[in-house]
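What the coordinates show
Next come the chains, spelled out residue by residue.
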Amino acid sequence: MFKLPAKLVNRVSTIPSLSSSILKYNIRTMSSMKEYDYVVIGGGSGGTASARRAASYGAKVLLIEGRGKLGGTCVNVGCVPKKIMWYTSDLAGKIQHGHGYNLYEELPIDKEHLTFNWPAFKEKRDAYVHRLNGIYEANCARENVDVAYGWASFNKDGSVLIKKLDGTEESVKGKHTLIATGGIPLLPKNIPGYEHGVSSDGFFELEQQPKKVVVVGAGYIGVELSGVFHGLGSEVHLCIRGDTVLRKFDSCIQDTITEHYIKSGINVHKQSQVAKVEKNATGSLTVTLNNGTVLSDVDTLVWTVGRRTLVDLNLDNVGVKINNKDQIIVDEYQNTDAQNIYSLGDVVGKVDLTPVAIAAGRKLANRIFGPEQFKNDKLSYENVPSVVFSHPTSGSCGITEKEAIEKYGKENIKIYQTGFGAMYYGVLDESFKQPTKYKLVCAGPEEKVVGLHIVGDSSDEILQGFGVAMKMGATKADFDNCVAIHPTSAEELVTLR
Amino acid sequence: MSSAVKHYEFIVIGGGSGGVGSARRASQYGAKTLLIEGKKLGGTCVNVGCIPKKLMWYASNLAKSITDAHDYKLFENLPLNKENLTFNWREFVDKRDSYLRVLNGIYEENLKKFGVDIDFGWATFDKQGHVEVSKHDGTKNIYSGDHILIATGGKPIIPNQIPGYEFGIDSDGFFSLKTQPKKTVVVGAGYIGIELAGVLNGLGTEAHLVIRGKTVLRKFDILIQETITDHYVATGINVHKEAKVQKVEKRTDGKLNVTLTTSETIEGADCIIWTIGRKSYLDFGLENIGVKLNDKGQILTDEYQNTSVPNVYSLGDVSGRIELTPVAIAAGRKLSNRLFGPEKFAKDKLDYTNIPSVVFSHPEVGTIGLSEAKAIEQFGQENLKIYNTSFSALYYSMLQEKTPTKYKLICAGPTEKVVGLHIVGDCSSEIMQGFGVAIKMGAVKADFDNCVAIHPTSAEELVTLK
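These numbers come from a predicted model, not from an experiment.

Rules used throughout
Residues numbered from 1 in each chain as written. Chains lettered and ligands numbered in written order. Predicted model: local features only at pLDDT ≥ 70, side-chain atom pairs only at ≥ 80, totals over all residues. Heavy atoms only, no water. Helix = DSSP H or I, 4+ residues; strand = E, 2+ residues; numbered from the N terminus. Rg over C-alpha atoms; globule rule 2.2 N^0.38 Å. Buried < 20%, exposed > 50% of the residue type's maximum accessible area, 1.4 Å probe, protein only. Contact = heavy atoms within 4.5 Å. Buried area = accessible area lost by both parts, 1.4 Å probe. Salt bridge = Lys/Arg side-chain N within 4 Å of Asp/Glu carboxyl O. Polar contact = N/O pair within 3.5 Å; in protein donor to acceptor, adjacent residues only side chain to side chain. Expected span 1.5 Å × (residues − 1). Domains from an automatic or database assignment. Nonpolar A, V, L, I, M, F, W, Y, C, P; charged D, E, K, R; others polar. UniProt positions renumbered as here; feature names shortened; annotations may be inferred. pLDDT = per-residue confidence, 0-100.

**Some details on the overall build of chain A**
A count of helices and strands for chain A gives 13 helices and 20 strands. Computed over the C-alpha atoms, the radius of gyration of chain A is 26 Å, within 12% of the 23 Å expected from 2.2 N^0.38 for a compact globule of 497 residues. Projecting the C-alpha coordinates of chain A onto the three principal axes gives extents of approximately 85 × 65 × 45 Å. Taken across its 497 residues, chain A has 56% of its residues classed as buried.

Here it is as C-alpha cells:
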C-alpha cells in the first residue's frame, strides 16, 4: 500500500492533475483497509509454513515479520546456525582421531594444536543464514504470499496494526489471523550483573571465541552450546541447578550425557546457581556461584535458563487468552479463545520444535483453506521424536521410563537396555571414546513401544525411522521382526534382549 | 586318533555368522551341540568381511573428513589436504587385525559360555552320514548328529579363464595386504568392488574400477547405480565402463599390466583385485549324503532351511538367497527355535522379504524392498507413485565440494504402500534401520508423513516427501 508522507503531499498538491489523483488515492486508502483471507503474524517456522500452505489453496495471504528477515528462530538464531556450529565442533574432534587411524601421522592434529578461526567462520555461517533468509523470501514471493516487515499488534476492531520497519504504519484485516510470534531467551534479571552475560541470541553474535566461558542452564540449549565451545577448545564451565543435565529427558540421557561431559573435560558445577556477575576493568567477567565458587577471567557468560513467549500484541483487544506461563491458550485445532484467530509454534509452547510448528501450521491451513477432507485436520503432539546435538548426540521419542511407570505401573513396563562402544572407537584411545546407550520402554502384554531413548554417534539420523514405527504403534516384536543391518549402531535397537 | 563316533543332538558345520547364531541358540535350549570350524570363528563377517571392511571404511571416511578442516576454519596452519595425506597402512592393518583377534576370542568365549563344543578342523560327510573332522594336527574325529546344519558360507570367485588371473588377489587377499598399493585395479561392479575401490581411493591409492556395464551396483535401484557411479567418477576413481579384463601380465619390476577388452592397458598396477562374485563352499562330501544344489550351485533349501536330506539343514551364504550376516544369524536362530525350542516355535522360519541392507560406498547407500524396475514389473507403472528428493546435506553448506544425497520412495496401490526405499548419502547406513522396521510393519506413505520431522537432519527428508 502506498501512503504518501505529509511533506510530499504538500509539495505535489501544487501540481493540479497529480495532486487530485494522489489525494483521491490517499482518501481511498485511509478509509479502506487492505483485506486478506489470512494474516499471519510471525515469519518463522510455523508462520511461513502456514502462510505458504494457505496460499497454495488460493487464499490471499499476508505474512508479517518484525525482524526484517524471514525464518524466525530456527533459521537465524536456532536450529540452522546451531547445527553448523555442532558440525564444526564435531569435526574438530574427528580430526584428532586421525592419528588413531594412522592418518596424517606427520602433522600435529591434536588438541594442543587445535585452532579455530571463529571470526572467519562466523562470516561464512552468517552468509549461509542470509542465503536462507533470501530463499524464504523467494519462496513467499513465488507462492504469492505478501510479506510486510514490521511489528504487529491487534487493534480494538480486530484488525492488525503493523508498525513497519520503515517507520510507517498500516492496519490490515484478516478473515483469519494466525499468531505465530515464537519466543525469545529469558534473562535472569534478578541476578546482579546479569546484563554482562548474553543469551543464545548473543552466542550467535559473538565475533570472537571466548577462551573461558560460563554457560548457565541444564536444558538442551546450554548442553549444546557448552558442547560446541568445548569441542572448539574453549574452557567451559556449565552451571546447573541439579545433578544432571537435560532433566526433562529420560534418565538414560541425563546420566550418560552428564557423565560424558565431565569425563571429556567440561567443568560441570552441579547444584549451583549464579549469585552475581561482575565486569572487570579489562572487560573480563568474574562469576560467583552460590556455593562460593568464583570463576574469574571469564570471557563470556551465556544464559540458557529458559525461553519466553512473544505475546506483546495487545491480545486483550481481541480476547486472545494466555496461560500463567504467558503461552497463548489454544485447543487441539490451534483455535484461540477469539474466533478466527489461531496460534501455534513456540508462542503456544506445547512442543517447541520447528517441525512441530511447521506441521501444525500446514494442518491449520489445510483445515481452514483446504478441501473438505481436511476440515478436521490437526496435529497430534504425541510421539514427536526430537534430538539434542550434544556430544555425542541424543534422541528421544515417546515417554521416559519414569513417566511410563507413573502411567502404566511398574509391573506393566518392560525396559530393554544396551550400552556399548561403537566400532569406530575400537581402534582409538580411551580418551576419545564416546558412549552409546539405548533404552526401549515397553508397556503392556504386547510390549508396545512407548518410549525410545538413545545416546551415541549418529543418534540424530537413527531416530527418524523409529519415530515412524512408533507412530504406527510398533511393539517390541515389530522391532525384532526387522532383520538387523550390519555393522551399524542402529542394529542394536532391533536385537535388544 | 579316536575312531569312536561321538554323538551330538546338533552338529553345526561352519563357525560363521549363521552357524554360531544357530549353535548358541540350540545350546540355550539344552541341545548338546557341536560347532566345527576350519579357519577362524566368526567366518567371513568377522575375518574377511563386514568387520575389517567397516574399519577400513572408517579410515577412508575420516581421511576425507580431515580435508574438510580448512573450509570449517579448523587447524588452518596445517596442510590438511589430499596432497599431504599419509596413511600408515601397515600399522593400521595390525590394529585392525588385533581387533579381529579379540572378536575371535569373544566368539569362542561366548560359545563355551553357552555350552557349545567346538572342534577346529575341516568337516566332510562320509558314506554313513557321519561328519569326519580333519584337524590341523593331522588327526581325525568322527561325529554323528541327530540334526546337522551346513553353514559353510562362501568364497570369492577367481576368473581362472583369464590369462594371468593368478597375479591377482581377491577380497580375502585385500585383507592380507601388508602394504598399501599405490595403484590398484578392482574388477567388478558389485558392492564388494565398490566398497574396496572407494576405500582405496579415499586412502590415496590410484584406483581403477573395471565394470562390464555402464553403472556399478546393477542389482540395486537405478538411483543408486547412477548416483554412485557418477560420484565415484567425480571423486577421481577411474571407472572403465563396458570393459572386461582380457589379460594380466607381470612385469619384471613386479608390477602388473592389465589389458582390457577396450584395448586400453592399465600399466604398473601394484595389484589387481577380483571382485566378480562369490560361490558356495561345498567341498565336503555332500554327494555322500545326497544334498541337492540349486542351479546357481548353492545348497537347495525350502523356507524352513531344510535341505533335500532329512535332518540336514542349510542357511547363510552357502544356501544363497540373501547373503548378509544378520540374515544368516536370524535364519540360524529361527532354525534352532524350530528344532529345539518350545512348541510355539514349531513353525518358526525367516521371512526373506523386506530385508534392509546397506553398502559402505562413499557416500553410503541403503536399500529395502523392490527397485523401481522390479516394482514396475510387479505392479505396473500406473499403480506406482514414486517420490524423489535430492539435496546437499547441511554439512556441505560450508564446503566447496558437495557429496550428493538422493532418496527415492516407491509406493504401490491406492494406499500408497511403501514397497521400496532407496537412499544415497551420508549416514544412510544408520538412517535405514528404523525405516526398515516401519516398512516391515506395512507402512504406507501416510505413515511416513504422519511422523513429525526431526530437524535439522538428512533423515527428515524421508517424512516430508512431496
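**A few points about the interface of chain B and chain A**
With 80 residues of chain B in contact, the opposing surface of chain A contributes 80 residues. Contact between chain B and chain A buries roughly 7000 Å² in total, counting both sides, with carbon and sulfur atoms accounting for 72%. Lys 124 of chain A is the partner of Asp 71 of chain B in a salt bridge, and the nearest nitrogen-oxygen pair spans 3.9 Å. At the boundary of chain B with chain A, the tally comes to 23 residue pairs in polar contact (both at pLDDT 80 or more). Put simply, the parts of the chain that give the side of chain B that touches chain A at least two residues each are helix H1 (17–28), helix H3 (50–66), helix H4 (89–113), helix H8 (325–340), helix H10 (428–440) and helix H11 (445–450) of chain B. If one sorts the elements of the side of chain B that touches chain A by residue count, H10 of chain B sits on top with 11 residues.

**What about H4 of chain B?**
Residue and element names in this part refer to chain B. Helix length check: H4 (25 residues) gives 36 Å between terminal C-alpha atoms against 36 Å at 1.5 Å per residue, within 8%. What H4 keeps buried is the set Trp 89, Phe 92, Val 93, Arg 96, Asp 97, Leu 100, Leu 103, Asn 104, Asn 110 and Leu 111. Positive phi shows up at Gly 115, right after H4, with a value of about 80°.

**Section: the domain arrangement of chain B**
Once the domains are mapped, chain B shows domain 1 (6–48 + 93–156 + 279–345), domain 2 (165–276) and domain 3 (363–463). Placing a centre on the C-alpha atoms of domain 1 of chain B and another on those of domain 3 of chain B gives a separation of 36 Å.

**What to know about the domain arrangement of chain A**
All names here are of chain A. With domains assigned, chain A is organised as domain 1 (34–185 + 309–374), domain 2 (194–305) and domain 3 (385–494). The centre of domain 1, based on its C-alpha atoms, is set 30 Å off from the matching centre of domain 3. Counting each side, the surface lost to burial between domain 1 and domain 3 is near 1000 Å², with a carbon and sulfur contribution of 64%. When the area that domain 1 buries against domain 3 is broken down by residue, the three leading residues are Trp 86, His 97 and Tyr 101, summing to 52%. Joining domain 1 to domain 3, the criterion identifies 1 salt bridge. For the salt bridge of Lys 83 with Asp 460, the shortest nitrogen-to-oxygen distance reads 3.7 Å. Joining domain 1 to domain 3, the criterion identifies 4 residue pairs in polar contact (both at pLDDT 80 or more). Residue composition of the side of domain 1 that touches domain 3, grouped by class: 3 nonpolar, 4 polar and 4 charged.

**Comments concerning the UniProt feature "active site" (unreviewed entry) in chain A**
The feature "active site" (unreviewed entry), as given by UniProt, occupies His 486 of chain A in the numbering adopted here. One can find His 486 of chain A in the segment after helix H13 (476–481). Accessibility expressed as a relative area gives 24% for His 486 of chain A, which makes it partly exposed. Non-local contacts of His 486 of chain A, meaning those with residues more than four positions away in its chain, are made with Glu 491 of chain A together with Cys 45, Cys 50, Ile 51, Thr 325, Pro 326 and Phe 360 of chain B.

**A closer look at the confidence of the model for chain A**
Here chain A shows a mean pLDDT of 94. Residues at 70 or above account for 94%. With pLDDT under 50 throughout, residues 12–29 of chain A is counted as low confidence; its partners more than four residues away or in other chains account for 13 contacts.

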